[in-house]
Amino acid sequence: MAVVVINTPNYDDTFSGLVASARDAGLTVVRADRIGKQATQSEVLAEANNLRTSGAEAVLLAIAPVTFLDLAHSAQGQAYTPLWAGPGLSNGLNLVAEFGCPSIAGARFLSPFPQLDVIDRFDADYKPAYRKYNNGAEPDDLGLAVWGLEKTLHQFLKAAGPDLGRARLVAAIESGQEFASGVFPPVRFTPGRHFGASQIHLLEADCANRRYRTLATFASSF
């Protein structure tokens, strides 16, 4: 496999962490590289060629959607179609699948929220509410991300109670209570543990329909 990460200082830990985790899992990392946040076409073409010649069967990514799409299209132009994968909120959006297919067919990304194909199983209120407050427009996954965030925030505020202040809100959030929105994985915080969640959703690019579908929900391991 290969690892490709945005070349900015705040992603240095991400880069080293992904490479180390891959090796710890017994995977052979045949290429590990950084790419510009706004990579030029020549940079993208060179990276696609280097990935192809490395023989990587899968590419673990932490890059912006525009760069990902350019890289996937450039790779396909060289008859190179690895499994694109990674942790990613933005790369797992339907808008990316719409413009990325068929180059990203089968791409898999971890996401804090499931896709629209299964949301009714966990929150039947989202789609009706979206249509009601958006003049009948069809729900999208960007709206679902906001919906999940606001449901979680509502639980934080509710736990803090009516006499709201910063200290009271922080104390409520760090109380160890579980906050489950039904959209995002449940979170639990303590003063020494701010990571929160231990689950994730897994999405796959379904290029027959030019959108992402949900392969696993609220998963803690695979």
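Notes on the structure in this doc start here. Residues take numbers from 1 onward in each chain, read along the sequence in its written order. It should be noted that, the model being predicted, local features are given only for residues of pLDDT at least 70 and side-chain atom pairs only at 80 or more, the latter also being counted only at that level, while totals for whole chains, interfaces and linings use all residues. Excluded from the side-chain calculations are hydrogens and water; all other atoms, namely the structure's heavy atoms, are used.

**Details of the overall build of the chain**
Here is the rule we go by: Here a strand is any run of E in DSSP of at least two residues, a helix any run of H or I of at least four, and the numbering for each starts at the N terminus. Here's how the labels work: a residue is buried when its accessible area is under 20% of the maximum for its type, exposed when over 50%, partly exposed in between, all with a 1.4 Å probe on protein chains only. Note on contacts: a residue pair is in contact if any heavy atoms of the two residues lie within 4.5 Å. Areas reported here follow the Shrake-Rupley algorithm with a probe of radius 1.4 Å; residue values treat only the protein chains shown as occluding. We treat Lys and Arg as the positive residues and Asp and Glu as the negative residues; His and chain ends play no part in the count. Here the site of a charge means atom NZ of a Lys, CZ of an Arg, CG of an Asp or CD of a Glu.
When you go through the chain residue by residue, the secondary structure sums to 8 helices and 9 strands. Oriented by its inertia axes, the alpha-carbon framework of the chain measures out at about 60 × 45 × 30 Å. A total of 222 residues make up the chain; the buried ones form 42% of that total. Put simply, of all contacts in the chain between residues at least 6 apart along the chain, 58% involve residues at least 24 apart. When the accessible surface of the chain is split by element, carbon and sulfur atoms take 54% of a total near 11,700 Å². Computed over 19 positive and 22 negative side-chain charges, the separation of the two mean positions in the chain equals 3 Å.

**Some words on the state of the cysteines**
Where we set the bar: Disulfide assignment relies on a single distance test, namely cysteine sulfur atoms paired within 2.5 Å.
For the structure shown, the criterion picks out 1 disulfide. Two residues share a disulfide in this structure: Cys101 and Cys207, whose sulfurs sit 2.0 Å from each other. Across the S-S bond linking Cys101 and Cys207, the dihedral sits near -80°, which makes this disulfide left-handed. Within this pair, whereas Cys101 is found in the loop between helix 4 (94–100) and strand 5 (108–111), its partner Cys207 is found in the loop between strand 8 (200–206) and strand 9 (211–219), the two being separated by 106 residues in sequence. Each of the two residues, Cys101 as well as Cys207, counts as buried.

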